[in-house]
Amino acid sequence: MSVEMPHEINPELLEDGLSKKQITRMNKLQKRLRREVGSAIADYNMIEEGDRVMVCLSGGKDSYAMLDILLNLQQRAPVSFELVAVNLDQKQPGFPEDILPAYLDSLGVAYHILEKDTYSIVKEKIPEGKTTCSLCSRLRRGTLYGFAQKIGATKIALGHHRDDIIETLFLNMFFGGKMKAMPPKLLSDDGANLVIRPLAYCREKDIAEYAQLKQFPIIPCNLCGSQENLKRKAVKDMLKSWDKQFPGRIETIFTAMQNTAPSQGVDREQFDFISLKRDPNAKPSGEVAEADLPAFDFMDVANSGHIDLDAATRIDVVNTFTP
């Protein structure tokens, strides 16, 4: 799906207190996020004509940014689609119930606030000090999947960004023994729901800065936000360190995730190594056979650090090492 970009933000509509420099920066970030979301939607065919997209709004920076950009793209998209914002009130103590309805009313967006006390279930089932995210996410996902069916949503939009996807890859590698991440588009196990992640190409630091400039009314998660020793945080810190020490590495990792080669791995489920046979009638082409490589003195390479052998020396080396 190709997405035409709408007009720039009108500075007169901005909240008081933003400088001209901040306005310029926000316009630049909006352009970038809009382009990245539009590309992800097109690359994975996330949104189609007549779709009713249920936008899951948690009150965090990511979901606010997702709704904001989707509303922006909706104005000029070549297809017509509907957006419905949905928030799950999990009955966490002190949750400010008025913030999201007030914000969504100001936008004129159709929305639903679901009330389900998953907080008590999680606190009852998970021992103090243990990670709550796994059970919490399963309970939340089940509720949202069921509600999507109820309102006739054809897609469920979640606010996971590129950093989330990469972090999940390393979490599964390090702690789960799986080469598995978050796909930009996912069909639920029962086949009843399609989940999309429009922010799949977006960097978290861009989203965080954009959310701050847009002054979204952020609602912190009191259930898991204080769990500083989560495995995800350790992976996030590792990736931040890499990004600082080796600029571009994170981009390369994500690009690698888009260019997998099952035949070059070791997963027997993804590639049929058992039936792999050579073709006795095949003519050598493409890759150079080892026997065709020029011979050289490995000790000379070790000493000099490079290969610099003339034709005569190569012949001597071959004679030396040939039985």
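Residues numbered from 1 in each chain as written. Predicted model: local features only at pLDDT ≥ 70, side-chain atom pairs only at ≥ 80, totals over all residues. Heavy atoms only, no water.

A. Local environment of the pattern of salt bridges. The full count for this structure, using the stated rule, is 15 salt bridges. Lys61 is the salt-bridge partner of Asp62, the closest N and O atoms lying 3.2 Å from each other. In this structure Lys61 comes out as partly exposed when scored by relative accessible area, which is 22%. Overlapping salt bridges bring together Lys61, Asp62, Glu167, Glu204, Arg232 and Lys236 as one network. (Salt bridge = Lys/Arg side-chain N within 4 Å of Asp/Glu carboxyl O. Buried < 20%, exposed > 50% of the residue type's maximum accessible area, 1.4 Å probe, protein only.)

B. Quick look at the packing of helix α2 (residues 61-74) against helix α3 (residues 99-107). Their axes nearest at 13 Å, the elements α2 and α3 cross at an angle of 10°. Relative to α3, α2 is oriented roughly parallel. Across the interface between the two elements, Tyr64, Leu67 and Leu71 of α2 pack against Ile99, Leu100, Tyr103, Leu104 and Leu107 of α3. Looking at the contact of α2 with α3 residue by residue, the classes come out as 8 nonpolar, no polar and no charged. (Axes fitted to C-alpha atoms, helices over the stretch in contact; angles between N-to-C directions. Helix = DSSP H or I, 4+ residues; strand = E, 2+ residues; numbered from the N terminus. Parallel < 35°, antiparallel > 145°, perpendicular 65-115°, else oblique. Contact = heavy atoms within 4.5 Å. Nonpolar A, V, L, I, M, F, W, Y, C, P; charged D, E, K, R; others polar.)

C. Geometry of the sheet that holds strand β1 (residues 52-56). Read from one edge of the open sheet, 6 strands run β3-β2-β1-β4-β6-β5, paired in mixed fashion. Looking at strand neighbours, the two that pair on one side only are β3 (111-115) and β5 (185-187), the edges of this open sheet. On average, each strand axis in the sheet is inclined to that of its neighbour by 25°, with strand direction left out of account. Where β1 meets strand β2 (residues 82-89), 5 bridges bridge the pair, whose relative direction is parallel. By the bridge assignment, Arg52 is partnered in β2 with Glu82. (Pairing = 2+ DSSP bridges.)

D. Here's a closer look at the packing of helix α6 (residues 162-176) against helix α9 (residues 249-257). Between α6 and α9, whose axes approach to 11 Å, the crossing angle comes to 75°. Between α6 and α9, the crossing angle belongs to the class labelled roughly perpendicular. Contacts between α6 and α9 pair Arg162, Ile165, Ile166, Leu169 and Phe170 from the former with Ile250, Glu251, Ile253, Phe254 and Met257 from the latter. Tallied by class, the residues present in the contact of α6 with α9 amount to 8 nonpolar, no polar and 2 charged.

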